[in-house]
Structures are given as C-alpha cells and as structure tokens.
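# Residue-level structural notes
Each chain is listed here by its residues.
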Amino acid sequence: MFAARTASEPIVRLRRDRRSCERFVHSGPVQINGQPGVGRDISDKGICVISAASVVIGDIVRVTIPGDISPASTPNRARVARVEPLPGRPVIGLEFVN
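All values derive from a computational prediction rather than experimental measurement. (Residues numbered from 1 in each chain as written. Predicted model: local features only at pLDDT ≥ 70, side-chain atom pairs only at ≥ 80, totals over all residues. Heavy atoms only, no water.)

With respect to the element layout, Ser51 can be found in strand β4 (residues 46–51). Looking at Ser51, its side chain comes within polar contact range of the main-chain oxygen of Pro36, at 3.1 Å. Separated by 3.1 Å, the side chain of Ser51 and the backbone nitrogen of Ala53 make a polar contact. For Ser51, the residues in contact, after removing those within four places along its chain, are Ile32, Gln35, Pro36, Gly37, Pro90 and Ile92. (Helix = DSSP H or I, 4+ residues; strand = E, 2+ residues; numbered from the N terminus. Polar contact = N/O pair within 3.5 Å; in protein donor to acceptor, adjacent residues only side chain to side chain. Contact = heavy atoms within 4.5 Å.)

Following this line, the structure appears as structure tokens:
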C-alpha cells in the first residue's frame, strides 16, 4: 500500500490571455444552423455559445444572433473551434469567417 500526498489547496497559475480580442458578455439567444442556444461571450473574432447543436470541430456553420441591429457588420458564418460536451450545457466555441 502506498500513501499519496494530497494538496489541501488547488494550485492556480496565472496565465496571459491568449485571445487577441477583448471578449464581452453576451447572454442573449444565438442560433447555430437554426438550432437554439444561449451566448456566453462574444468578440470581434468569435462567439462562445451554450447549445446542443450537433457540430464537430472544423465545421462551418451559420450563426444567427436575433435582434442584431446591424447584421451586415456581423459575420454570419463561423468555424467550430472547440466543443466541450459538458452535461446539461455543451459549450461551442466559434470563430467568425467571411
């Protein structure tokens, strides 16, 4: 039998944010290929959405942000950059493409 040493507090390391654009909270409705979701955050380059839309990394999808007052300035196509299949709230990271 071996005894394992456990840490009493989590080890947290500060890292520089790798994102090149500032992100803003966006908690409004978002659709991915017509499937409903809820935004989490948005930037000039992408959006993070909580949605059960069936996508895989690399897919090009249609993104709709209802209520957007200037749809011409917001890209409506995005590449799926990441998918986190969290129970009850899958998170999809999208990168806007033109």
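The sheet contact formed by strand β5 (residues 60–64) and strand β6 (residues 77–84) spans three bridges and is antiparallel. Within β6, the residue paired with Ile60 across the bridge is Arg79. Across seven bridges, the pairing between β6 and strand β7 (residues 91–97) is antiparallel. Residue pairing in the sheet places Arg79 in a bridge with Glu95 of β7. Taking the residues that link successive antiparallel strands as the turn, the β6-β7 hairpin has six residues, and the phi of Gly88 there is positive, at about 80°. (Pairing = 2+ DSSP bridges.)

With that out of the way, let us pick up the nonpolar core. Ranked by internal contacts, the top residues of the largest apolar core, which has 15 residues, are Ile32, Ile47, Val55, Val61, Val63, Ile92 and Leu94. At the level of secondary structure, the elements contributing two or more residues to this core comprise β2 (29–32), β4, β5, β6 and β7. Sorting elements by how many residues they give to this core places β7 first, with three residues. The contact partners of Ile47, leaving out residues within four places of it in the chain, are Arg23, His26, Val30, Asp41, Ile42, Ile65, Ile92, Gly93, Leu94 and Phe96. (Core = buried A, V, L, I, M, F, W, Y, C linked by side-chain atoms within 4.5 Å. Buried < 20%, exposed > 50% of the residue type's maximum accessible area, 1.4 Å probe, protein only.)

Looking at where Cys48 falls in the secondary structure, it is placed in strand β4. Sequence separation of Cys48 and Val30 is 18 residues, and the distance between their C-alpha atoms is 9.7 Å. Contact partners of Cys48, with chain neighbours within four places excluded, come to Arg23, Val38, Gly39, Arg40, Asp41, Arg82, Val91, Ile92 and Gly93.

On to the pairing of β2, then. Covered by surrounding structure in β2 are Val30 and Ile32 only, the residues Pro29 and Gln31 on the alternate face being uncovered. Where β2 meets strand β3 (residues 35–42), four bridges bridge the pair, whose relative direction is antiparallel. Counted as the bridge partner of Gln31 is Pro36 from β3. Sheet analysis places β2 next to β5, joined by two bridges and oriented antiparallel. Residue pairing across strands places Gln31 opposite Thr64, the latter belonging to β5.

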